Amino acid sequence: MQRRKFLRNSLAVGISAAFGTTLSGCGPPSTEPQSPVSYRAGEPLPWINWAGNQSCTPSSRVSPRSEDELISALKSAKSVVRAVGAGHSFSGVVPTNDTLISTDLLSGLVRHDPEKMQATLLAGTRMHDMGPILHAVGQAVPNMPDMDYPAIGGAIANSVHATGNSFGSMSSYVSGFKLATLAGELLECTAEKNPEFFHAGRTSIGALGIMSEITLQNQASFNLTEVNKVEKLGDVLDDIEARCKAHRHFEFFPIPYASNCLTVATDIAQPGDVSVGGDDPKAVNTLRTVFDAVSWVPLVGEELYDKILSTALAGDAETIRTGSSFQVFPHVRVVRFREMEYTVPAEFGPACVREIMSTIKDKNLPITFPLEYRYVKADDIWLSMFEGQDGCSISVHQFGDLDYKTPFAEIEPIFWKYAGRPHWGKIHTLDAKRLAALYPRHWQDFHRVRNELDPRGKLMNDHLKEIFGS
Ligand SMILES: Cc1cc2nc3c(=O)[nH]c(=O)nc-3n(C[C@H](O)[C@H](O)[C@H](O)COP(=O)(O)OP(=O)(O)OC[C@H]3O[C@@H](n4cnc5c(N)ncnc54)[C@H](O)[C@@H]3O)c2cc1C
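Residues numbered from 1 in each chain as written. Predicted model: local features only at pLDDT ≥ 70, side-chain atom pairs only at ≥ 80, totals over all residues. Heavy atoms only, no water.

If you walk through the whole model with that rule in mind, you get 20 aromatic pairs. Ring centres of Tyr 373 and Tyr 375 lie 5.4 Å apart, and the angle between their planes is 85 degrees; on these two criteria the pair is classed as edge-to-face. Neither Tyr 373 nor Tyr 375 differs from the other in exposure class; each is buried. An aromatic cluster is present here, built from Trp 50, Phe 90, Phe 337, Phe 369 and Phe 399 joined pairwise through their rings. The residue whose ring lies beneath Arg 434 is Trp 416, and the NZ or CZ to ring-centre distance is 4.1 Å. (Phe/Tyr/Trp six-rings, centres within 6.5 Å; stacked < 30°, edge-to-face > 60°. Buried < 20%, exposed > 50% of the residue type's maximum accessible area, 1.4 Å probe, protein only. Lys NZ or Arg CZ within 6 Å of the ring centre and 35° of its normal.)

Below, the structure is given as structure tokens:
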């Protein structure tokens, strides 16, 4: 969410109006998580993910600069070896206390094909570098998540997605990749060559080997215009199908304890479109400050919060961002948070989000960070959250310095009720048995391929053992 200046400016006005005073000395609290580990001189350097909830102390950290170096790093790993891209996963997919292989130096364009509109990039290329690189050769990925920090390899491994019911996840745009294996091979994988590795490897959670390069099916560069509005949550949910049909991309951010939500509609830019206003990446802190300031008021606290928000947001104009697709899709994320996300079958989305919102309110859960609601088109990738079904992805966030486990534990069963599949890179508590039931078509196929490529389980860290049951 973090879209709008409105919150910082107009909520201050709203609070003043409600209390006849300003909240001096009541600025947004720190959202920096406490570091889970500290460095001790003479000991291996700890690794910590972006969110600060995963860490490890690898005895060996390697950054290969070539495919030969990548293969040799994989082969020489003694115990558990894992790849790391940008460290932007919330789940424990990366940590290992043995060998951590960073793909940072495997970055850049390898080749491009203007006729097929395909481009091959090294797997460690960060998505914020990918946009300009592709733009320079007249290409763009059809859809991108709303932040561009991950490496392409890390994004593909977890089936990272954006929104748009005619658009699949990032993995669905992969037409081929090269996979470095523990056996020291470099396998070319496409729908025709090594097809089983291709189907398993487009969402592998890093369990098959390490991709060195990835070929993306792109389209010609294009411009987008994104319109952000404040609207009533009930109106949006009542009209959700029409909105999704009307726009190339549509998503919204329900605000806990409030009747308003933020909507984001993105379409191909039209001549004359101009940007109006801009992002405020810290706006979520203001929501928290206001909630903390008024929610304690006996009997009416939550009502007051909703009223303040409604008043403050009522006169707020639209925020519009227009430009190249790779500049419009992503937003800046500076406020630390932890996230749980499940994808439920698309038709269950509205009921699921309504139940989450009412549960937060009824159980008084300490969640003020807005949720996120998106649609993704079905694909045929074995372990993709969108395999065989159009999906509605619903995210719940908690500030980085607050307990997330207790409120997430209250909400997670709602996702189970709607047959949700968890995002591989986000927080969830499902084990192999329950995950297998969510992927009836290809769970066994994936593990057959995984056992073939990693018979000794060298790519299995504790988290992967839990989710894959080996
Ligand atoms: C602020 C923020 C916003 C986010 N927004 C979104 C969003 O809009 N949509 C969404 O879907 N997710 C989102 N996420 C989740 C996140 O983007 C994903 O979990 C993503 O996979 C992280 O990419 P990474 O490069 O950081 O990978 P890492 O977290 O470093 O690694 C992820 C997995 O990929 C494996 N891996 C890495 N490189 C390779 C390789 N070359 N070959 C094989 N395996 C590899 C790792 O071993 C690991 O299993 C967000 C996360 C954050 C922190």
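Next comes the rest of the write-up.
Relative to the elements of secondary structure, Pro 132 occurs in helix 3 (residues 127-136). With a relative accessible area of 38%, Pro 132 lands in the partly exposed category. Once the C-alpha coordinates of Pro 132 and Leu 187 are considered, the two residues, 55 residues apart in sequence, prove to be 28 Å apart. (Helix = DSSP H or I, 4+ residues; strand = E, 2+ residues; numbered from the N terminus.)

Further remarks concern the sheet that holds strand 3 (residues 60-62). Sheet architecture is open: three strands sit in the order 3-5-4, paired in parallel fashion. The open sheet is flanked by strand 3 and strand 4 (81-84), the only strands paired with a single partner. Looking at each pair of strands side by side, their axes are set apart by 20 degrees on average, direction ignored. With three bridges connecting them, strand 3 and strand 5 (residues 99-102) associate as parallel partners. Within strand 5, the residue paired with Ser 60 across the bridge is Thr 99. (Pairing = 2+ DSSP bridges. Axes fitted to C-alpha atoms, helices over the stretch in contact; angles between N-to-C directions.)

Within the largest apolar cluster, 111 residues are counted, with the highest numbers of intra-cluster contacts made by Met 130, Tyr 305, Ile 356, Phe 415, Trp 424 and Phe 468. Element by element, the count of residues in this core is highest for helix 8 (residues 283-294), at six residues. Those residues within four positions of Ile 356 in sequence are excluded, and the remaining contacts are Leu 371, Ile 394, Val 396, Ile 411, Ile 414 and Phe 415. Core analysis: the next-biggest nonpolar cluster, separate from the first, contains 12 residues, Leu 70, Ala 73, Ala 77 and Leu 182 among them. (Core = buried A, V, L, I, M, F, W, Y, C linked by side-chain atoms within 4.5 Å. Contact = heavy atoms within 4.5 Å.)

With that out of the way, let us pick up the sheet that holds strand 9 (residues 174-180). Sheet architecture is open: five strands sit in the order 6-7-11-9-10, paired in antiparallel fashion. This sheet does not close on itself; its edge strands, each paired only once, are strand 6 (109-113) and strand 10 (186-189). Averaged over all neighbouring strand pairs, the angle between strand axes comes to 15 degrees, with direction disregarded. Where strand 6 lies against strand 7 (residues 118-122), four bridges are found, and the strand directions are antiparallel. When the sheet's bridge partners are listed, His 112 is paired in strand 7 with Ala 119. Where helix 2 (residues 67-76) meets the sheet, it contacts strand 9, strand 10 and strand 11 (210-217), and its direction lies at approximately 135 degrees from that of strand 11.

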